[in-house]
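# Descriptive analysis of the structure
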Amino acid sequence: MDFTDKVAIVTGGGRGLGRQYSLELARRGAKLVVNDLGASVDGQGASDAAREVVAEIEAMGGTAIANGASVTDANAMAAMVEDVLDRFGRIDLLVANAGILRDKSFSKMPLDDYRTVIDVHLMGTVNAIKAVWPVMTQQQRGRIIVTTSTAGLFGNFGQTNYGAAKTAVIGLMNSLNIEGQKAGIKVNCISPFAVTRMSESLTSPEIAAVMKPEHVAQGVVWLASDEAPAGVILNAGSGRFSTTRIVESPGVAFPLDAARAENVAEAWARISDPAGERAFGSALEHSADFLQRAPAAG
Ligand SMILES: NC(=O)c1ccc[n+]([C@@H]2O[C@H](COP(=O)([O-])OP(=O)(O)OC[C@H]3O[C@@H](n4cnc5c(N)ncnc54)[C@H](O)[C@@H]3O)[C@@H](O)[C@H]2O)c1
């Protein structure tokens, strides 16, 4: 998959996964905008991380510019896009990857750690997409990749803030895909598994050797490509690729006068039986199907 003459923005591109996405896209010919505040894992401070990756790309013979803004600053994201248009004239891909952690059990988590984590992961993703959306709409083409986590999909102790923010980007993706369809914009979601400074405390050197950001980057390349699907949650790590979907069980439809909690309890095994589960392309499609299977409405 060749990205020659394509322009890609990677937020949080200065370290870990984002750095590797930037290097791999550049290796495949893309012109890169490496955005990174250069913050610590918990989001404090700033550094030259973006410039260092730009230097690596230039050393490979590639083209890249650094942007040191925070994704939480909507005006700075808009200014970044202006700079990119001045320099490269188009934007083909946005990888919204910047992220931080503020882990604590729910009872100890200060409300500010919800606001901060949601601001970076959800609003940071929104701010970056908001800035590129009119450009991609005008081009009638675009690829956007948002970043979730297994902690968002399935939950993790000490990550109620991070988990909520990471699931929120899936809701964002689902509706954006519907709004972007006519403009040829495809939005997908990566759920990475890689040892970076964010995850190194959870693992051993043996695991680190086989869970490299390089392997996740190949999944990002696929989601960035011309042939990319839309609305997919792609889990990627250590050579394995799989998808996670939101599905609905066929369930049970009672006559209205029997729709009582006691009957729900009695039929619970059938209501929650995963056999025949299905996914839907939109709320309209789901609502129509749901009501059609409810005898009173259908
Ligand atoms: N490593 C994993 O296994 C894993 C698993 C699931 C999800 N993720 C997600 O993948 C993404 C990348 O994580 P990573 O493991 O590479 O972590 P990392 O800490 O190595 O990299 C994150 C980068 O984001 C940058 N950043 C933080 N706040 C920023 C802001 N406000 N504006 C701009 N840049 C900012 C940091 O400076 C850093 O360079 C994150 O969204 C993370 O939640 C990672």
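Please read these numbers as outputs of a predicted model, since none were measured by experiment.

### Structural notes on the packing of helix α1 (residues 16–27) against helix α2 (residues 49–59)
- Remark: α1 packs on α2, axes separated minimally by 10 Å, with the N-to-C direction vectors making an angle of 25°. With respect to α2, the axis of α1 lies roughly parallel. In this structure, α1 meets α2 at a crossing whose hand is right-handed. Side by side, α1 and α2 meet where Arg19, Ser22, Leu23 and Ala26 of the first sit next to Val53, Glu56 and Ile57 of the second.
- Within the contact of α1 with α2, the residues separate by chemical class into 4 nonpolar, 1 polar and 2 charged.

### Comments concerning the domain arrangement of the chain
- The assigned domain composition of the chain is domain 1 (7–244) and domain 2 (256–292).
- One C-alpha centre belongs to domain 1, the other to domain 2, and the line joining them spans 35 Å.

### Description of the site of the ligand
- Taken together, 29 residues are adjacent to the ligand, and Leu17, Asp36, Asn97, Tyr162 and Thr196 come closest.
- Val71 has a polar backbone atom sitting 3.0 Å from a nitrogen atom of the ligand.
- Measuring from an oxygen atom of the ligand, one finds a backbone N or O atom of Asn97 at 2.8 Å.
- A total of 830 Å² of accessible area belongs to the ligand in isolation, and the protein chains cover 96% of it.
- Using a 2 Å cut-off from the grid points, one finds that the ligand occupies the largest pocket.
- For the shell around the ligand, the secondary structure elements donating two or more residues are α1 and α6 (160–180).
- Residue composition of the shell around the ligand, by class: 12 nonpolar, 13 polar and 4 charged.

### Some thoughts on the sheet that holds strand β1 (residues 7–11)
- Across the sheet, 8 strands lie side by side as β3-β2-β1-β4-β5-β6-β7-β8; this open sheet has mixed pairing. Every interior strand has two partners, whereas the edge strands, β3 (64–67) and β8 (240–244), have only one. On average, adjacent strands in this sheet sit at an angle of 20° to one another, irrespective of strand direction.
- Looking at chain direction, β1 and strand β2 (residues 31–35) are connected through 5 bridges and run parallel.

### What about the side chain of Ser149?
- Relative to the helices and strands, Ser149 resides in the loop between β5 (142–147) and α5 (150–154).
- When near neighbours in sequence (up to four residues on either side) are disregarded, Ser149 contacts Tyr162, Lys166 and Ser191.

### Quick look at the nonpolar core
- Ranked by internal contacts, the top residues of the largest apolar core, which has 42 residues, are Ile9 and Ile144.
- Listing elements by their share of this core, those giving two or more residues are β1, α3 (74–88), α4 (111–139), β5, α6 and β6 (185–192).
- If one sorts the elements of this core by residue count, α4 sits on top with 10 residues.
- Once residues within four sequence positions are removed from consideration, Ile9 is found in contact with Val33, Met80, Val81, Val84, Ile91, Leu93, Leu94, Val95 and Val132.
- By size, the runner-up hydrophobic cluster in this structure holds 29 residues, among which are Tyr21, Ala30, Ala50 and Ile190.

### Topic: the packing of aromatic side chains
- Within this structure, the stated rule accounts for 1 aromatic pair.
- On the numbers, 6.4 Å between centres and 75° between planes, the contact of Phe106 with Tyr114 is edge-to-face.
- A relative accessible area of 16% means that Tyr114 is categorised as buried.

About the thresholds
Residues numbered from 1 in each chain as written. Predicted model: local features only at pLDDT ≥ 70, side-chain atom pairs only at ≥ 80, totals over all residues. Heavy atoms only, no water. Axes fitted to C-alpha atoms, helices over the stretch in contact; angles between N-to-C directions. Helix = DSSP H or I, 4+ residues; strand = E, 2+ residues; numbered from the N terminus. Parallel < 35°, antiparallel > 145°, perpendicular 65-115°, else oblique. Left-handed = near helix turned anticlockwise from the far one by under 90°. Contact = heavy atoms within 4.5 Å. Nonpolar A, V, L, I, M, F, W, Y, C, P; charged D, E, K, R; others polar. Domains from an automatic or database assignment. Near = heavy atom within 4 Å. Polar contact = N/O pair within 3.5 Å; in protein donor to acceptor, adjacent residues only side chain to side chain. Areas by Shrake-Rupley, 256 points an atom, 1.4 Å probe, with all protein chains shown as cover. 1 Å grid on protein atoms, 1.4 Å probe; cavity = no way out; pocket = protein on both sides within 12 Å on 5 of 7 lines; lining within 4 Å. Sits in = over half its atoms within 2 Å of the grid points. Pairing = 2+ DSSP bridges. Core = buried A, V, L, I, M, F, W, Y, C linked by side-chain atoms within 4.5 Å. Buried < 20%, exposed > 50% of the residue type's maximum accessible area, 1.4 Å probe, protein only. Phe/Tyr/Trp six-rings, centres within 6.5 Å; stacked < 30°, edge-to-face > 60°.

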